[in-house]
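The residues making up each chain are set out below.
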Amino acid sequence: MKKFSVVAGILVVVSALLIIIGCTIYKVNIGKVSNNSELIEFEVQTGQTFSTIGTELKKQNLIKSEFFYKLYIKLYKIKGLEAGKYLLSENMGVEKIVETLQKGSTYNPDVISITFREGLSMKQIAELIAQKTNNKEEEVLEKASDEVYIDSLIKKYWFLNEHIKEGTYYPIEGYLFPDTYQFLNKDVTVEEIFTTMLDQMGKKLETVRVDIEESKYSLHEIVTLASMIQSEGNNIDDFGKMASVFLTRLNQKMKLQSCASAYYGDHKIMGRHPFGDSYLKKNDYNTYVVDGIPVGPISNPGMDAIQAVLHPSDTDYLYFASDKNMKVYFSKTLQEHESTIKKLREAGNWYGS
């Protein structure tokens, strides 16, 4: 009897292990093929079923195993496949692919995708919209400065107020959230693009609304500082230290002296135009001239830059300089800072060269 119990126990353990191994193999084989998120057009012909498309899914490298794909279809009794074109990718996995196919084809070959990276200015956004859609660059900029239109946006969005119109080149500069967006076709209007980006900005700012309300700075000032950080650096690990420099200088009544703000105030784009005497030009953006925070954002920042202003690093730095690769060098004293700039000049690697 004892011997039987031991054997039974071993069988239970072995069975459990086999089940665990089997489940693991199953999960692995219905998982994503790779991390490649590139969308592939996959067409389902009339009369095809979930089961019969398995071979083609495997052929296009959208699933790992035709056998485990069909096992999944059978286990969950998946039915009702509609003919049409679908956009699938290697990083979906069987479950996501089946879910997409079950919804029916919504594929539209005219759909356009526009990626607005962090740190683009309104002029750069206008250029990109003109490249990707049937809108002209000047039409975008005209809409971005249309007072009647801006007033309608102020009424609609909690994070916009009258301050955005006070002396700024483009009132919604800084509030067009950088992201990848899809639109039905190239005939998309400027208003639709702006609305989509502003809606996303609202969602993002809502996640830090409490922090914004507790800050000693207004939202407009926070976004303005974030835009300067975003325009000066590439590495998000530097953002907290850059915010620390700006906030410390504000506390000590020092000018912020941001090259990016001087470029923007002089209607120039960093990396495209020479710096020249931009830092001497008198305008409400140039922080070599004005005291404190400039009149408004100089680009459209992402959440990392905004978070950096809300939660800056604790440093003793008073200066930083960005080279032509947007690598940032921090200094505690003016002497160190000037030495850094000298080295960058000699290497031909400073924007002011």
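You'll find the structure just up there.
Residues numbered from 1 in each chain as written. Predicted model: local features only at pLDDT ≥ 70, side-chain atom pairs only at ≥ 80, totals over all residues. Heavy atoms only, no water.

Okay, the pattern of salt bridges next. Counted by the stated rule, this structure contains 14 salt bridges. Linking Lys-103 and Glu-99 is a salt bridge whose minimum nitrogen-to-oxygen distance equals 3.8 Å. For Lys-103, a relative accessible area of 61% corresponds to the exposed category. Among the ionic contacts, a cluster of salt bridges with common partners joins Glu-147, Asp-151, Glu-162 and Lys-165. (Salt bridge = Lys/Arg side-chain N within 4 Å of Asp/Glu carboxyl O. Buried < 20%, exposed > 50% of the residue type's maximum accessible area, 1.4 Å probe, protein only.)

Another aspect to go through is the side chain of Asn-286. Topologically, Asn-286 is positioned in the loop between α12 (259-265) and α13 (303-310). Discounting chain neighbours no more than four positions away, the residues touching Asn-286 are Ser-261, Ala-262, Ser-278, Tyr-279, Leu-280 and Lys-281. (Helix = DSSP H or I, 4+ residues; strand = E, 2+ residues; numbered from the N terminus. Contact = heavy atoms within 4.5 Å.)

Their axes nearest at 8 Å, the elements helix α10 (residues 219-232) and α13 cross at an angle of 120°. By the angle class used here, α10 and α13 are oblique. Between α10 and α13 lies a crossing whose hand is right-handed. Counting all contacts with α10, which are made through Ile-222, Leu-225, Ala-226, Ile-229 and Gln-230, the residues of α13 involved are Ala-305, Ile-306, Val-309 and Leu-310. Its residues assigned to classes, the contact of α10 with α13 comprises eight nonpolar, one polar and no charged. (Axes fitted to C-alpha atoms, helices over the stretch in contact; angles between N-to-C directions. Parallel < 35°, antiparallel > 145°, perpendicular 65-115°, else oblique. Left-handed = near helix turned anticlockwise from the far one by under 90°. Nonpolar A, V, L, I, M, F, W, Y, C, P; charged D, E, K, R; others polar.)

Empty space among the atoms becomes apparent when a probe as large as a water molecule is rolled across them. What the largest pocket holds in volume is close to 510 Å³. Looking at the largest pocket, it is lined by 29 residues, and the ones nearest its centre are Arg-117, Gly-119, Gln-124, Ser-231 and Ser-299. Of all the elements in the fold, those that place two or more residues in the lining of the largest pocket are α5 (122-132), α10, α11 (236-251) and α12. Of the residues in the lining of the largest pocket, the class split is twelve nonpolar, eleven polar and six charged. (1 Å grid on protein atoms, 1.4 Å probe; cavity = no way out; pocket = protein on both sides within 12 Å on 5 of 7 lines; lining within 4 Å. Points joined across faces, edges and corners; volume = space filled by probe spheres on them.)

Before going further, it helps to examine unusual backbone geometry. Here the phi dihedral of Gln-257 falls at roughly 50°; this positive angle occurs in a residue that is not glycine. As for its placement among the helices and strands, Gln-257 is situated in the loop between α11 and α12. Owing to a relative accessible area of 37%, Gln-257 belongs among the partly exposed residues under this scheme. Not every positive phi belongs to a glycine, and Met-326 is a case in point at roughly 65°. Take Met-326: it is sitting in the loop between β5 (319-322) and β6 (328-331).

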